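Descriptive analysis of the structure
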Amino acid sequence: MSGTPGPNSSDPSESIAATRMRLEQELARVSDERHDLAAALGGEDPEDPTGGDSGDQADLLERSDDLARLDRRITEIRYLLADLDTAQDPQDLPHGTVVTLRFADGTVATLRVVAITEEAPADRQDEILTADSPLARALVGRRAGDTITYRVPDGEAQVQVIAVRAPTTSSG
């Protein structure tokens, strides 16, 4: 069974490449949509309330809102693409690494390292660890049994490493 690897692909470089390709395709589509909408507005100033009837004004305001929405999405996609570049930093844990940690309050959590949070399903966001987070960076090079200190908004926190499982790669 072949196809484009998804966010749960076992090969981290394929998953990052697939995410990059999906984001680049969306950026191209949204940019084209924005260009077409801006051309349809024909240089009309959506902030200028003069001229045209109220129906024209309502349509112009709706198109102006659509243009702003597209601009926000373009900006968001560009940030996500920049995050992918950062996520491949050799100082980061490899995408797909699974860590089991015991926190200071005794809770144990198993987390999967991802390049960007968008790669994890919405209902599993609490099970991920972004590769460039302070905790993930503190875990680089650590093994089971290690206790590490990392920065949190209120200062520092400690965590004990119970297990670290490197991402697996598949050859088929």
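Residues numbered from 1 in each chain as written. Predicted model: local features only at pLDDT ≥ 70, side-chain atom pairs only at ≥ 80, totals over all residues. Heavy atoms only, no water.

A few words on the overall build of the chain. On a plain count of helices and strands, the chain comes out with three helices and five strands. Written out in order from the N terminus, the α and β elements of the chain read α-α-β-β-β-α-β-β. Considering the chain as a whole, with its 172 residues, one finds that 31% of them fall into the buried category. For the chain, long-range pairs separated by at least 24 residues make up 52% of all intrachain contacts whose partners lie at least 6 apart in sequence. About 10700 Å² of surface is accessible on the chain, with carbon and sulfur atoms providing 49% of the total. (Helix = DSSP H or I, 4+ residues; strand = E, 2+ residues; numbered from the N terminus. Buried < 20%, exposed > 50% of the residue type's maximum accessible area, 1.4 Å probe, protein only. Contact = heavy atoms within 4.5 Å. Areas by Shrake-Rupley, 256 points an atom, 1.4 Å probe, with all protein chains shown as cover.)

Examined against the element boundaries, V161 turns out to sit in strand β5 (residues 155-165). Since its relative accessible area comes to 1%, V161 is described here as buried. The sequence separation of V161 and V99 amounts to 62 residues, and the corresponding C-alpha distance is 7.5 Å. For V161, the residues in contact, after removing those within four places along its chain, are T100, L101, L139, R142, R143, A144, G145 and D146.

This part covers the nonpolar core. Judged by nonpolar contacts, the single largest core of 15 residues is most densely connected at V99, L101, L129, L135, L139, I148 and V159. Elements represented by at least two residues in this core include exactly β1 (98-103), β2 (108-114), α3 (134-139), β4 (147-152) and β5. If you tally residues by element for this core, the top one is α3, at four residues. Listed in part, the 13 residues of the second largest apolar core include L60, L67, I77 and L80. (Core = buried A, V, L, I, M, F, W, Y, C linked by side-chain atoms within 4.5 Å.)

The next point concerns the confidence of the model for the chain. With 71% of its residues at a pLDDT of 70 or more, the chain has an overall mean of 77. Mean pLDDT across the elements of the chain ranges from a minimum in helix α2 (residues 54-87), with 80, to a maximum in β1, with 94. Note that pLDDT drops below 50 for residues 1-11; the model gives that stretch 16 contacts with residues more than four away or on any other chain. (pLDDT = per-residue confidence, 0-100.)

What follows concerns the pairing of β2. Here β1 runs beside β2; their pairing, made up of five bridges, is antiparallel. For R102, the partnering residue across the bridge sits in β2 and is V108. Remark: four residues form the turn of the hairpin made by β1 and β2, two consecutive strands paired antiparallel; G106 in that turn has positive phi of roughly 95 degrees. Both β2 and strand β3 (residues 128-130) contribute to a ladder of three bridges, which runs parallel. Of the residues in β3, the one forming a bridge with V114 is T130. (Pairing = 2+ DSSP bridges.)

One open sheet accounts for five strands, arranged β3-β2-β1-β5-β4; its pairing is mixed. Two strands lie at the open edges of the sheet, namely β3 and β4, each paired on one side alone. Each neighbouring strand pair of the sheet contributes to a mean axis angle of 45 degrees, computed without reference to strand direction. With six bridges joining them, β1 and β5 adopt antiparallel strand pairing. From the neighbouring strand, T100 faces β5, where its bridge partner is A163. (Axes fitted to C-alpha atoms, helices over the stretch in contact; angles between N-to-C directions.)

With that settled, consider the pattern of salt bridges. Two side chains of opposite charge can pair, provided their charged atoms sit close to one another. One pass over the structure, following the stated rule, counts seven salt bridges. E33 serves as the salt-bridge partner of R29, at 3.5 Å between the closest nitrogen and oxygen. Taken together, the positions of R29 and E33, both in helix α1 (residues 12-41) and four residues apart, correspond to about one turn of that helix. The salt bridge involving D71 is made with R34; its shortest N-O contact spans 2.4 Å. (Salt bridge = Lys/Arg side-chain N within 4 Å of Asp/Glu carboxyl O.)

Looking at where T100 falls in the secondary structure, it is placed in strand β1. For T100, the contacting residues outside a window of four places in its chain are V108, A109, T110, Q160, V161, I162 and A163.

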